[in-house]
Amino acid sequence: MDQFQLDKGIVSQTVSQLRATFNSGKTKPIEWRKEQLKQLKKLIEENSSTLEQAIKEDLGKSEIESRMTETSFVKGEIAHTLKKLKNWMKSTKPVMPLMLQPAAGKLVYEPLGVVLIIAPWNYPVMLLLSPLVGALAAGNSVLLKPSEVSPTVSKVLAELIPQYLDHDAVKILEGGAEATGLILEERFDHIFYTGNEHVARIVSAAAAKHLTPVTLELGGKSPVWIGEGVNLKHTAERIAWGKFINAGQTCVAPDYIVTTPDIADQLGKYFSKSIKKLYGKNPENNVDYCRIINEKHTNRLKGMLDEINPEQILTGGEIKVSEKYIAPTVVDHVSLDSELMKSEIFGPILPIVRVNNFEEALDIILSKEKPLSLYAFTKNKEEKNRLLRDTSSGAIGFNIPVSHLSSPKLPFGGVGVSGHGNYHGKYSFITFSHLKPILSKPLWPDTMRFIYAPYGYMAKLVTKLFIGR
Ligand code: NAD
């Protein structure tokens with residue numbers, strides 16, 4: 001039993017209450033949805049410094065970075081959703097084919113019911129509340145499960161959510177793997193899980209027992225190709241920013257660079273300068289540089305660096321496990337069978353893999369699972385076209401890492417082992433809704449009788465006219 005003392009009774013009762021609320025119809029009107037979104041905005045506005053302090057406690061992240069990547073991000077999602085919701089909820093009336101006439105077709109978005117949102121620790125506020133925006137906008141009851149790995153944020157949110165949101169329709173349960181296991185025994189109408197691939201399989205297996213659909217927001221190794229002729233100073237600055245923000249604990253952080261030797265030879269000096277510009281000479285003393293979430297993850301990352309020859313380290317390499325500190329680190333000449341290239345790094349270590357040409361880079365990218373993002377810094381149109389045509393990834397960023405997730409107009413999600421389903425903006429609303437087709441046909445004139453058995457001349461004629469044989 002983990003420290004949160006959840007038992008099956010509490011979990012079942014919580015889900016039953018949420019289902020009763022949903023069945024009562026309370027969550028469906030647009031007024032309720034908007035009111036909840038406004039309350040969520042109020043929660044963030046009135047408690048932004050508490051939330052940012054909690055994130056600092058768990059991740060050592062600066063308040064301004066938390067504001068940018070977590071609290072303000074969610075506020076932006078809410079503002080966009082409040083502005084667009086009425087429009088998104090509108091039904092459409094597609095014209096029905098002649099074969100069905102006279103008839104009226106209609107498409108309506110209906111809420112799914114009781115949905116479960118399971119969040120990880122790396123952006124512990126944003127990754128719990130951003131999906132919540134979509135779930136509320138779509139008119140669902142919601143059970144929230146924050147990550148126990150970021151315990152301060154989990155506790156703060158567990159206190160705040162009931163104070164601001166409709167307690168009958170939005171509930172939050174804290175707990176670790178055991179608690180999540182109990183929660184997953186219940187039947188939900190949708191499960192939205194963000195986290196690692198291993199737990200995603202547990203979530204999927206539990207969901208399959210109830211045939212519950214799932215959205216899986218996972219991770220993976222997001223590659224970066226650097227081609228000939230690009231400005232390496234600016235390239236290194238952008239990659240360093242995308243990699244070392246949140247100390248590399250970002251699902252879409254550049255995971256590794258593949259490039260040719262002449263470019264790799266120059267990257268050391270550019271990365272050293274970019275990192276110095278971002279975090280000064282000693283990032284350990286810089287409040288803007290985040291910590292690793294816990295000692296376990298720090299040791300995991302240390303293990304990846306342990307096998308590296310110190311001469312391969314272009315910049316960084318300092319580790320203080322008890323401080324959960326790993327300096328922004330760039331490693332060159334990394335071989336494909338090293339630990340750094342076997343799994344998602346999810347920390348501030350950036351390997352460079354040297355290849356002879358673009359084709360070899362493509363082979364490496366294709367030899368791995370479909371990544372959450374793929375980045376390319378290149379001026380070469382042919383390379384861009386090949387990446388677009390021959391690779392598959394959750395998203396592609398040309399000359400820009402990470403930032404695609406900040407637009408509510410772009411769906412955010414993975415493909416294959418990096419996840420399935422997506423969200424942000426209207427895509428969140430769609431994820432948490434069912435698009436229901438409605439067909440209405442008058443009983444008279446009774447055109448249906450032409451196709452009823454026994455099949456005679458009219459059935460044959462109708463088939464020929466409308467189906468073509
Ligand atoms: P985590 O350890 O916090 O786990 C996520 C959730 O799974 C938690 O709520 C936890 O309680 C639950 N959980 C853990 N073990 C479980 C078990 N055995 N059974 C049931 N539930 C369990 O977070 P994490 O998985 O370490 O998160 C990091 C991973 O998430 C990385 O792979 C990263 O790329 C990915 N990620 C993806 C996105 C995205 O949007 N695609 C965003 C952030 C992180």
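Residues numbered from 1 in each chain as written. Predicted model: local features only at pLDDT ≥ 70, side-chain atom pairs only at ≥ 80, totals over all residues. Heavy atoms only, no water.

A. Local environment of the overall build of the protein chain. Regarding its fold elements, the protein chain presents 15 helices and 17 strands. On the principal axes, the C-alpha backbone points of the protein chain span a range of 85 × 55 × 40 Å. Per-residue burial over the protein chain gives 52% buried out of 469 residues. For the protein chain, contacts bridging at least 24 residues in sequence account for 72% of all contacts bridging at least 6. When the accessible surface of the protein chain is totalled, it reaches about 21200 Å², and 55% of it is carbon and sulfur. (Helix = DSSP H or I, 4+ residues; strand = E, 2+ residues; numbered from the N terminus. Buried < 20%, exposed > 50% of the residue type's maximum accessible area, 1.4 Å probe, protein only. Contact = heavy atoms within 4.5 Å. Areas by Shrake-Rupley, 256 points an atom, 1.4 Å probe, with all protein chains shown as cover.)

B. Seen up close, helix α5 (residues 126-137). Taking 1.5 Å as the rise per residue, α5 with 12 residues should run 16 Å; its terminal C-alpha atoms sit 16 Å apart, in good agreement. For α5, every residue scored as buried is listed here: Met126, Leu127, Leu128, Leu129, Ser130, Pro131, Leu132, Val133, Gly134, Ala135, Leu136 and Ala137. At the C-terminal side of α5, Gly139 shows a positive phi close to 85°. (Expected span 1.5 Å × (residues − 1).)

C. Representation of the side chain of Thr21 within the structure. Looking at the element boundaries, Thr21 is found in helix α1 (residues 8-24). The class of Thr21 is buried, set by a relative accessible area of 8%. At 2.9 Å, the side chain of Thr21 forms a polar contact with the backbone oxygen of Gln17. Aside from chain neighbours lying at most four places away, what touches Thr21 is Lys26, Thr27, Ser141, Asp168 and Ala169. (Polar contact = N/O pair within 3.5 Å; in protein donor to acceptor, adjacent residues only side chain to side chain.)

D. Molecular detail of the packing of helix α9 (residues 232-244) against helix α10 (residues 261-279). α10 packs onto α9 with a crossing angle of 60° between their chain directions and a minimal axis gap of 8 Å. Considering their axes alone, α9 and α10 lie oblique with respect to each other. The crossing of α9 and α10 is right-handed. Contact with α9, carried on its side by Leu232, Lys233, Ala236, Glu237, Ile239, Ala240, Trp241 and Phe244, involves Ile263, Gln266, Leu267, Tyr270, Phe271, Ser274, Ile275, Lys277, Leu278 and Tyr279 of α10 and no other residues of that element. (Axes fitted to C-alpha atoms, helices over the stretch in contact; angles between N-to-C directions. Parallel < 35°, antiparallel > 145°, perpendicular 65-115°, else oblique. Left-handed = near helix turned anticlockwise from the far one by under 90°.)

E. Representation of the pattern of salt bridges. Summed over the entire model, instances satisfying the criterion amount to 25 salt bridges. Residue Lys436 pairs with Glu110 through a salt bridge whose shortest N-O separation is 2.7 Å. Separated by 326 residues along the polypeptide, Lys436 in strand β17 (residues 433-440) and Glu110 in strand β1 (residues 104-111) bring together distant segments of the chain. Relative accessible area serves as the criterion here: at 33%, Lys436 is assigned to the partly exposed category. You can call Glu110 partly exposed: its relative accessible area is 26%. For Lys320, the salt bridge identified is with Glu284, shortest N-O distance 3.0 Å. Within this pair, whereas Lys320 is found in strand β10 (residues 319-320), its partner Glu284 is found in the loop between α10 and α11 (295-306), the two being separated by 36 residues in sequence. Within this structure, Glu359, Arg386, Arg389 and Asp390 form a network of salt bridges that share partners. (Salt bridge = Lys/Arg side-chain N within 4 Å of Asp/Glu carboxyl O.)

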